[in-house]
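Listed below, chain by chain, are the residues.
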Amino acid sequence: MEIIIAASPKAIASIVADAIEDLLTEHAGTVLGLATGSSPLSVYQELIRRHRDNGLSFAKSRAFLLDEYLGLPRAHPQSYHSVIRSEFVDHIDIDPTHVYSPDGEAADPVVEGQRYDAAIAAAGGIELQLLGIGTDGHIGFNEPTSSLRSRTRVKTLTEQTRSDNARFFDHVDQVPRHVMTQGLGTISEARHLVLVATGEAKAEAVAAMVEGPVAAICPGSVLQLHQHATVLVDEDAASRLKLADYYRHVYANKPRWQGI
Ligand SMILES: N[C@@H]1[C@@H](O)[C@H](O)[C@@H](COP(=O)(O)O)O[C@@H]1O
C-alpha cells in the first residue's frame, strides 16, 4: 500500500486526476470505478476542469458505481445514481447510459447483486476504483464485520453511517436503513484502488485501515491485501498515523515516472 500525505484536497485531486488521465490516454475505453460522498468531489472537479479546459475525453469510457440506497427511486436527488450525475457525469462527455449502478429498486436484490458483479466482470473489470472511507472504516457501504471476500449484496447501515449521511437529507429518518454495495471481494478485484480521505473526522479510520490489523471490523483494512492500493490523505486525516514521516520520506523519494 502506498500512503501519500498531501497538503490539501486540491493537491490530492491533482495526483489522482493525473492517474486517471494516464489511464484514459493509454486506453480510451477504460472502465472506471466511481464513488459518491464528499471525499472524491475535488477529484471530480479537477477532472471536469481538465475536460473543459484541455479536452480530456471520457467518451469511450465506462463507469461502475460502488453502491446505492435500497428503496430510493433512481430519480431521487440523493440516490447515488442521481448524485454521481449531478456531481460528475453531467459535466463530462461520458455516455450517461454507460455509467452503471446497482438498482436499489430491484424486485430481487440478491439477483441484482449477482447481476451487478457479472456486469463488472463482463466489462473486463474495473481499472481504477475511487474510494472514500466512512468514520467507522467502511468502504462502499461495507460496514464493520463485512466479509473481506463479500460480493455485491444488501447491507444494513450502522446508525453512525446514517447520522453521518443525514446531512444530505432533510432529516436522519429519511436516510434509508438498507443499501446495496459492491462487496469487499468485488472491490478488491479492481486493478488499482485509490482511496481519498480528508479531515480530522477520518483520522481514526485511516489509522485503523493503514496501520491496524487486517480485520473485518475495519473493512478498509482489506486494502492491505491488494497488490496496488494508494491511500491519499491530507494532514488532518493523517494525524493519527504512526509512520507518517516514513510515508512522506517514501513519496518524496519516489521516481515521478512511476505515477501512483
Ligand atoms: N457509501 C459512501 C462511501 O462510498 C463513502 O466513501 C463514505 C464516506 O463519505 P464522505 O466522503 O462523504 O465522508 O460514506 C458513504 O456512506
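As the structure is a computational prediction, the values presented were derived from the model and not from experiment.

A. Broad picture of the sheet that holds strand β8 (residues 178–181). Spatially, the three strands line up as an open sheet ordered β4-β8-β7, and their pairing is antiparallel. Of all strands in the sheet, those bounded by a partner on one side alone are β4 (67–69) and β7 (153–156). Each neighbouring strand pair of the sheet contributes to a mean axis angle of 30°, computed without reference to strand direction. Of the strand pairs in this sheet, β4 and β8 are connected by three bridges, and their pairing is antiparallel. Bridging from a neighbouring strand, Asp 67 pairs with Thr 181 of β8.

B. Spotlight on the environment of His 138. With respect to the helices, strands and loops of the structure, His 138 is situated in the loop between β6 (128–131) and β7. We classify His 138 as buried; it has 26 C-beta atoms within 10 Å. Residues His 138 and Ala 216, 78 residues apart in the sequence, show an inter-C-alpha distance of 9.6 Å. With sequence-adjacent residues up to four places away left out, His 138 is seen in contact with Glu 143, Pro 144, Thr 161 and Pro 219.

C. Structural context of the site of the ligand. Surrounding the ligand, one finds 14 residues, the nearest of these being Gly 37, Ser 38, Ser 39, Gly 132 and Gly 134. Across the shell around the ligand, the residue classes break down as four nonpolar, nine polar and one charged.

D. Region of the structure containing the UniProt feature "site: Part of the allosteric site" (unreviewed entry) in the chain. Mapped onto this numbering, the UniProt entry annotates "site: Part of the allosteric site" (unreviewed entry) at Ser 146, Arg 153, Lys 155 and Thr 156. Positionally, Arg 153 belongs in strand β7. Residues within four places of Arg 153 in sequence aside, it is in contact with Gly 113, Met 180 and Gly 183. Looking at where Lys 155 falls in the secondary structure, it is placed in strand β7.

E. Broad picture of the sheet that holds strand β10 (residues 229–234). Ordered by their spatial adjacency, seven strands build an open sheet running β1-β10-β9-β6-β2-β3-β5, and the pairing between neighbours is parallel. With one partner strand each, in any of the chains shown, β1 (2–6) and β5 (99–100) form the two edges of the open sheet. Note that strand β2 (residues 31–34) and β6 share two bridges and pair parallel. Following the sheet pairing, Leu 32 is matched in β6 by Leu 128.

F. Just the packing of helix α1 (residues 9–26) against helix α2 (residues 41–54), in detail. It is at 8 Å that the axes of α1 and α2 come closest, and there the two elements cross at 55°. If you check the angle between α1 and α2, you find them oblique. The way α1 lies across α2 gives a crossing that is right-handed. Where α1 abuts α2, its residues Pro 9, Lys 10, Ile 12, Ala 13, Ser 14, Val 16, Ala 17, Ile 20 and Glu 21 lie against Ser 42, Val 43, Gln 45, Glu 46, Leu 47 and Arg 50. Of the residues assigned to the contact of α1 with α2, the class counts are eight nonpolar, three polar and four charged.

G. Expanded view of the pairing of β2. The side-chain alternation of β2 yields two buried faces, one formed by Val 31 and Gly 33 and the other by Leu 32 and Leu 34. After leaving β2, the chain enters α2 and then returns to the sheet as strand β3 (residues 62–65), a path that is right-handed.

H. Examining the environment of Thr 186 more closely. Along the chain, Thr 186 falls in helix α6 (residues 184–188). Separated by 52 residues in sequence, Thr 186 and Gly 134 place their C-alpha atoms 18 Å apart. The contacts of Thr 186, once residues within four sequence positions are left out, are Asp 117, Ile 120, Arg 151 and Thr 152.

I. A look at the UniProt feature "domain: Glucosamine/galactosamine-6-phosphate isomerase" (unreviewed entry) in the chain. UniProt's entry tags residues 10–228 with the feature "domain: Glucosamine/galactosamine-6-phosphate isomerase" (unreviewed entry), counted in the numbering of this structure. Annotation note: span residues 10–228, helix share 34%, strand share 14%, distance between end C-alpha atoms 23 Å.

J. Quick look at the pairing of β6. Residue alternation in β6 divides its side chains into two sets, Leu 128 and Leu 130 and Gln 129 and Leu 131, and both sets are buried. Note that β6 and strand β9 (residues 192–197) share four bridges and pair parallel. Counterpart to Gln 129 in the pairing with β9 is Leu 193.

Reading guide: rules and limits
- Residues numbered from 1 in each chain as written.
- Predicted model: local features only at pLDDT ≥ 70, side-chain atom pairs only at ≥ 80, totals over all residues.
- Pairing = 2+ DSSP bridges.
- Helix = DSSP H or I, 4+ residues; strand = E, 2+ residues; numbered from the N terminus.
- Axes fitted to C-alpha atoms, helices over the stretch in contact; angles between N-to-C directions.
- Buried ≥ 20, exposed ≤ 12 C-beta atoms within 10 Å, placed from the backbone.
- Contact = placed C-beta atoms within 7 Å.
- Near = placed C-beta within 6 Å.
- Nonpolar A, V, L, I, M, F, W, Y, C, P; charged D, E, K, R; others polar.
- UniProt positions renumbered as here; feature names shortened; annotations may be inferred.
- Parallel < 35°, antiparallel > 145°, perpendicular 65-115°, else oblique.
- Left-handed = near helix turned anticlockwise from the far one by under 90°.
- Right-handed = clockwise from strand over helix to strand, strands pointing away.

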